[in-house]
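# Chain and residue survey
Residues per chain are reported as follows:
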Amino acid sequence: MNSFGWDWSYAISTLPDLFSGLKLTIIATFFGSILAVLIGLVLCLVRMAQIPVLSGLASFWIQLIRGTPLLIQLYFIFYVLPGWGLSLAAFATGVLALGMYYAAYAAEIFRAGIEEIAPGQWEASLTLGMPIPRVWTGVILPQAIVAVIPVLANMVIAMFKETALLSSITIMELLAQGKSVGSIHFRYVEPLTMVGVLYFIVSYTAARMIRRLEGRHAIQN
Amino acid sequence: MDDFAAFQAYLPFILKGIPVTLLVAFLAMCVAIPVAFILALGRMSPSRSLNMPAGFVIELFRGSSSLVQLFWVFYVLPFFGLELPPLAAGVFVLGVNSGSYMSEIIRAGLNAVPAGQREAALALGFSPQYRFFRIILPQALPLMIPPFSNSMITMLKFTSLVSLVTIQDLTFRANMVASSMGDSSSIYILVILVYFGLSLLLALLGRFLEAIVNKRAGRSISLFGSANPSRIPPWALGRSG
Amino acid sequence: MQSRIDPSGSQTLSPATGMGPALLSMRNVSKSYGDRKILDGIDLDVAPGEKVALIGPSGSGKTTILRLAIGLVEPEEGTIRIDGRYLWHEEDGGRLRRASNKHTRQVRRSVGIVFQQFNLFPHMSALENVREPLVHTIGLPRPEAEKRAAGLLAKVGLADHLTKRPAQLSGGQQQRVAIARSMALQPRVMLFDEVTSALDPELVGEVLKVVRDLAHETDMSMLIVTHEISFAIDIADRVLMFDTGKIIEEGPPSQVLKAPQEPRTRQFLRAILER
Ligand SMILES: Nc1ncnc2c1ncn2[C@@H]1O[C@H](COP(=O)(O)OP(=O)(O)OP(=O)(O)O)[C@@H](O)[C@H]1O
Ligand SMILES: [Mg+2]
């Protein structure tokens, strides 16, 4: 192995390990996203519903989560919760942390979507005599959710990139695989570069696809 | 030593991480802002030899994970003979990565200034520098400040990554102490609250900047309370109205 | 940037008035956006002191003509001269080549424009709006620039509003500030682009009066896009009717506005009067 320049055969030999890491990264992103969207929607609705105490708590929770680093939240769930009787596997910890963290963002995204609905929609529903819960579920939420899909999709891409943090709690996702391969061969150039390239390929193509779909959606309207 | 005694003993050690965290955030911001302006202006330039490289840097840094970029600079660059001290590596990656994201804020702000302003400035024979610094920028700044203050908070959180390349910031110190304690909950809760408090301070600083810039642009806003009132009718939220 | 040049070369006489060498002169000017041709081979001359009114339906290219005349957009084809100097070209041993930005900026200085949407600088007071070009474009010392700016604002009836920001002024007042500002550099050609069409009806009169006074008092050339027919009859020496990127009719107002020859002109005027 020459120590300067790029060693193709070594780079290619890392691929199986990196792909298994990428698979884990994508799975974590997938479950993290589902968690984030569901919790986010609940948080958003609880916050907007103006329930005494509860809405204030939701609002505080969103601010707290958004105001602290994901890494420290990850450590908290990983190191502290077991002591409180909640023991999770490392991978479940990672998914939970991603889900909780991005739920705070999803809540804000949903809120923006709801705020953006034209006042005329509310007024029209009122004049039609619809009960208020029905206005929410039948008129406002469907429109708001569709409207924020591109933003949520971009959030998922951001989450995908941030799953690299899970490497710090022993999860063998893409970055951890790259580091482990590199440490075995005492050579980080190829594996870490390939890790960056793989992240780039996935997130760049996903971002392009979203932009394309958004464009088509805009034309249809 | 019981955990509470340990907590007390370690407290000063952990709190010494605050200036480190703030220093990293500050230095990285000092890198990010000029980088963001350069990238935004490069991207907006009609010349291909400017907008192509700017676009490349932006896509490169936004396209992959920031932690991967940090490790790459930390572990790979030394292979090519460029060994940066951890602080420099951290500040560089955080700064350029955030700068890439912030360039979009700047671009959006500049683009939001009506085209007629540029045309009027051209028609009056102003120099390019005057047009940018005295006509376009003062109108774009108030639009950039709110997302910019968000970026400051993002940067603060972002700095926790440098703990993974041996810089002794808040996160690093918390982890180090926690690993030697039986129940580390008090340590992590403390550090979470410190980060949260710093975020709130930065948010306040952002509102402050917003108020200043808006005042210069002839508008006034309050330091507290939301800038734009909700468009949702009160009755929809269960209140009579 | 390639540009085809008319072979006839030097100074041309204004065809309509014969008042001497044209101050603004366009030859064979074409402009497209994408693959839509907005202006197609336009020839246009405005003599010193001449007031020319431009009429035509929406989207016919009137604004584009004005933007070309002050160099905000560059034509794909043809030449534009202000007071004999090419806006986009420099003569180089009998041939024309693309001029520097600095040259264009220099030539552009003899032209002023008033926009439909005013385009005042919102972060500056009325006085600053008028003063800044005096200080930064011509390099007048600040006190003198201030004095001259105040004089210009007084002339358009705004002596009491010097320190107000645009947002504190009515539309009519803003447009008058814009007129004063465009006068600051003492242009030899003034362009007006539907300067009253963004105004509430009751504010139109005060702005038209300022333009009318200006037209009668100064010997500036003016190119005025307007839908105010009686105003055009009053001040214009010549009227050009535009349609789909071409001048389809031209002549004195008594002819074009009162007894138009082209069916398209007649139809357009009828539509305007029936508003
Ligand atoms: N920057 C641009 N990009 C693309 N198309 C443009 C641009 N500017 C003008 N156009 C098009 O060129 C045509 C002529 O525009 P112009 O503004 O000159 O018309 P106008 O005669 O001034 O119309 P109006 O009376 O509505 O002001 C219009 O169809 C317009 O859509
Ligand atoms: Mg127009």
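Described in the following lines is the structure provided in the data block. (Residues numbered from 1 in each chain as written. Chains lettered and ligands numbered in written order. Predicted model: local features only at pLDDT ≥ 70, side-chain atom pairs only at ≥ 80, totals over all residues. Heavy atoms only, no water.)

### Some thoughts on the interface of chain C and chain B
Frequently, the measure chosen for interface size is the accessible area removed from exposure when the parts meet. With 21 residues of chain C in contact, the opposing surface of chain B contributes 21 residues. The contact between chain C and chain B buries some 1,800 Å² in all, and 59% of this surface belongs to carbon and sulfur atoms. Inspection of the region where chain C meets chain B yields 2 salt bridges. Among the salt bridges present, the one from C:Arg67 reaches B:Glu119, with a minimum N-O distance of 2.2 Å. Across the contact surface, chain C and chain B share 6 residue pairs in polar contact (both at pLDDT 80 or more). Those elements that provide at least two residues to the side of chain C that touches chain B are helix H2 (101–108), strand E8 (111–114) and helix H3 (126–138) of chain C. Residue classes in the side of chain C that touches chain B are distributed as 11 nonpolar, 4 polar and 6 charged. (Contact = heavy atoms within 4.5 Å. Buried area = accessible area lost by both parts, 1.4 Å probe. Salt bridge = Lys/Arg side-chain N within 4 Å of Asp/Glu carboxyl O. Polar contact = N/O pair within 3.5 Å; in protein donor to acceptor, adjacent residues only side chain to side chain. Helix = DSSP H or I, 4+ residues; strand = E, 2+ residues; numbered from the N terminus. Nonpolar A, V, L, I, M, F, W, Y, C, P; charged D, E, K, R; others polar.)

### A closer look at unusual backbone geometry
The backbone of A:Phe186 shows a phi angle near 50°, a positive value even though the residue is not glycine. When you line up the elements, A:Phe186 lands in the loop between helix H8 (174–185) and helix H9 (189–220). In this structure, C:Asn119 is a non-glycine residue whose phi angle is positive, near 55°.

### Here we look at helix H6 (residues 201–217) of chain C
Residue and element names in this part refer to chain C. With 17 residues, H6 should cover 24 Å at 1.5 Å per step; its first-to-last C-alpha distance of 25 Å lies within 8% of that length. When we look at burial in H6, the residues that qualify are Leu203, Val204, Val207, Leu208, Val210, Val211, Leu214 and Ala215. Along the axis of H6, the buried positions cluster into a sector of 155°, meaning they face one direction only. Residues of H6 that are exposed and point more than 90 degrees away from the buried face comprise Glu202, His216 and Glu217. Tucked inside the fold, the buried residues of H6 contact strand E3 (51–55), helix H5 (171–183), strand E9 (189–193), strand E10 (221–225) and helix H7 (229–235). (Expected span 1.5 Å × (residues − 1). Buried < 20%, exposed > 50% of the residue type's maximum accessible area, 1.4 Å probe, protein only. Arc of directions from axis to C-beta.)

### Here we look at the packing of aromatic side chains
Under the counting rule described, the total for this entry stands at 20 aromatic pairs over all chains. Taking 5.4 Å as the distance between ring centres and 55° as the angle between the ring planes, the aromatic pair formed by A:Tyr101 and A:Tyr105 counts as tilted. Note that A:Tyr101 and A:Tyr105 are positioned in helix H5 (residues 90–116) at a spacing of 4 residues, about one turn of the helix. Of the residues examined, A:Tyr101 reaches a relative accessible area of 4% and is grouped as buried. Each member of the aromatic cluster is reached from another via a ring pair, and the members are A:Tyr75, A:Phe78, A:Tyr79 and B:Tyr188. Cation over ring: B:Arg173 sits above B:Phe13, and NZ or CZ is 4.7 Å from the ring centre. For C:Arg181, the ring lying beneath its charged end belongs to C:Phe121, and the centroid distance is 4.6 Å. (Phe/Tyr/Trp six-rings, centres within 6.5 Å; stacked < 30°, edge-to-face > 60°. Lys NZ or Arg CZ within 6 Å of the ring centre and 35° of its normal.)

### Here we look at the pattern of salt bridges
One pass over the full model with this rule turns up 23 salt bridges over all chains. One continuous salt-bridge network, built from bridges that share partners, spans B:Arg43, B:Glu59, B:Glu104 and B:Arg107.

### Digging into the site of ligand 1
All names here are of chain C. Near ligand 1 you find Tyr33, Arg36, Ile38, Pro57, Ser58, Gly59, Ser60, Gly61, Lys62, Thr63, Thr64 and Glu194, and these make up its full shell. At 2.9 Å, a side-chain N or O of Arg36 approaches an oxygen atom of ligand 1. Note that an oxygen atom of ligand 1 is positioned 3.0 Å from one of the backbone N or O atoms of Gly61. For ligand 1, the accessible surface in isolation is 640 Å², of which the surrounding protein chains cover 64%. For the shell around ligand 1, the secondary-structure elements that each account for two or more residues are strand E2 (36–46) and helix H1 (62–69). A per-element tally of the shell around ligand 1 places H1 first, with 3 residues. Class assignment for the residues of the shell around ligand 1 results in 3 nonpolar, 6 polar and 3 charged. (Near = heavy atom within 4 Å. Areas by Shrake-Rupley, 256 points an atom, 1.4 Å probe, with all protein chains shown as cover.)

### Brief notes about the sheet that holds E10(C)
All names here are of chain C. Judged by pairing direction, the sheet is mixed, and its 6 strands sit side by side in the order E8-E9-E10-E3-E11-E12 without closing on themselves. Pairing within the sheet leaves two strands with one partner each, and these edge strands are E8 and strand E12 (246–251). In this sheet, neighbouring strand axes are inclined to one another by 20° on average, regardless of whether the strands run parallel or antiparallel. Taken together, the 5 bridges between strand E11 (residues 238–243) and E12 define a ladder with antiparallel strand orientation. Counterpart to Val239 in the pairing with E12 is Gly251. Running at roughly 175° to E8, H5 makes contact with E8 and E9 of the sheet. (Pairing = 2+ DSSP bridges. Axes fitted to C-alpha atoms, helices over the stretch in contact; angles between N-to-C directions.)

### Let's talk about the pairing of strand E6 (residues 89–92) of chain C
The side chains of a regular strand alternate, first on one face of the sheet and then on the other. All names here are of chain C. Judged from the 4 bridges that link them, E6 and strand E7 (residues 95–98) form a sheet pairing that is antiparallel. Looking at E7, one finds that Glu90 is bridged to Arg97. Here E6 hands over to E7 after 2 residues, with Gly93 in that stretch at a positive phi of 60°.

### Regarding the packing of helix H8 (residues 170–178) of chain B against helix H9 (residues 185–216) of chain B
Residues and elements named next belong to chain B. The interhelical angle for the contact between H8 and H9, taken along N-to-C directions, is 170°, at an axis separation of 10 Å. In this view, H8 runs roughly antiparallel relative to H9, as classed from their interaxial angle. On H9, the residues touching Leu170, Thr171, Ala174, Asn175, Val177 and Ala178 of H8 are Ile187, Tyr188, Val191, Val194 and Tyr195. Classifying every residue of the contact of H8 with H9 by side-chain character gives 9 nonpolar, 2 polar and no charged. (Parallel < 35°, antiparallel > 145°, perpendicular 65-115°, else oblique.)

### A few points about the environment of C:Asn101
Residues and elements named next belong to chain C. Mapped onto the secondary structure, Asn101 falls in helix H2. Judged by its relative accessible area of 59%, Asn101 falls in the exposed class. When the C-alpha positions of Asn101 and Leu87 are compared, they lie 9.8 Å apart, and in sequence the two are 14 residues distant.

### Remarks on the arrangement of the chains
Between all 2 pairs of chains that are in contact, chains A and B come out with the most contacts. Taking C-alpha atoms only, the smallest gap left between chain A and chain C, which are not in contact, amounts to 19 Å.

### Considering the sheet that holds strand E4 (residues 77–82) of chain C
Residues and elements named next belong to chain C. Ordered by their spatial adjacency, 4 strands build an open sheet running E2-E1-E4-E5, and the pairing between neighbours is antiparallel. Of all strands in the sheet, those with a lone pairing partner are E2 and strand E5 (85–86), marking the two edges. Strand direction decides the pairing type here: strand E1 (residues 24–33) and E2, joined by 7 bridges, are antiparallel. Residue pairing for E2: Tyr33 is matched across the bridge by Arg36. Contacting E1, E2 and E4, H1 runs over the sheet at an angle of about 120° to E1.

### Regarding a nonpolar patch on the surface
A grouping of A:Ile27, A:Phe30, A:Phe31, A:Ile34 and A:Leu38 is seen on the molecular surface, where their side chains present a nonpolar patch of about 470 Å² in accessible area. The residue A:Ile27 is located in helix H2 (residues 15–48) in this model. (Patch = residues over 30% accessible without salt bridge, like charges linked within 9 Å, V, L, I, M, F, W, Y side chains within 5 Å.)

### Comments concerning the environment of C:Ala99
Residues and elements named next belong to chain C. Locating Ala99 in the fold gives a position in the loop between E7 and H2. The sequence separation of Ala99 and Gly71 amounts to 28 residues, and the corresponding C-alpha distance is 12 Å. Ignoring sequence-local partners within four residues, the contact set of Ala99 consists of Trp88, His89 and Glu90.

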